[in-house]
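One letter stands for each residue in the lines below.
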Amino acid sequence: DFHNIFKNGIKINEDDKIKIGNNVWIANNVLIQKGTVLPDNTVVAAGSVTTKILTKTNTIIAGIPAKPIIEQITWLR
């Protein structure tokens, strides 16, 4: 976060990392929020919002918030 937000003198918007694995395909208009982990060989569908740690590789994720919708995919040749 670039701007600190405080409530009663306590910062309420702590920073968190984003990790994007190898061979991740991110479609148009995807929002990747802090704390997101995208594992290797993941496809993120257009318009999705990622908000959490995902662990399964070879997966298509989609939605708001994004979640796995299809597993065991291959898309690299």
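**Thoughts on the pattern of salt bridges**
For side chains bearing opposite charge, pairing can occur when the charged atoms are close. Enumeration over the complete set of coordinates arrives at one salt bridge. Lys56 serves as the salt-bridge partner of Glu71, at 3.2 Å between the closest nitrogen and oxygen. You can see Glu71 sitting in strand S10 (residues 66-71) and its partner Lys56 sitting in the loop between strand S8 (49-50) and strand S9 (59-63), a full 15 residues away along the chain. The class for Lys56 is partly exposed, based on a relative accessible area of 48%.

**Remarks on the environment of Ile73**
Secondary-structure assignment places Ile73 in the segment after S10. It is 8.7 Å that separates the C-alpha atoms of Ile73 and Thr42, two residues lying 31 residues apart in sequence. Among all residues touching Ile73, those that are not within four sequence positions of it are Asn41, Val43, Asn58, Thr59 and Ile60.

**Brief notes about the side chain of Thr36**
If you trace the backbone, Thr36 turns up in the loop between strand S5 (31-32) and strand S6 (37-38). Among the polar contacts listed, one links the side chain of Thr36 to the backbone oxygen of Gln33, at a separation of 2.7 Å. Apart from residues no more than four positions distant in its own chain, Thr36 is found in contact with Lys17, Ile18, Lys19, Thr50, Thr51 and Lys52.

Scoring rules and cut-offs
Residues numbered from 1 in each chain as written. Predicted model: local features only at pLDDT ≥ 70, side-chain atom pairs only at ≥ 80, totals over all residues. Heavy atoms only, no water. Salt bridge = Lys/Arg side-chain N within 4 Å of Asp/Glu carboxyl O. Helix = DSSP H or I, 4+ residues; strand = E, 2+ residues; numbered from the N terminus. Buried < 20%, exposed > 50% of the residue type's maximum accessible area, 1.4 Å probe, protein only. Contact = heavy atoms within 4.5 Å. Polar contact = N/O pair within 3.5 Å; in protein donor to acceptor, adjacent residues only side chain to side chain.

Function cannot be inferred from these measures alone, as they are strictly geometric.
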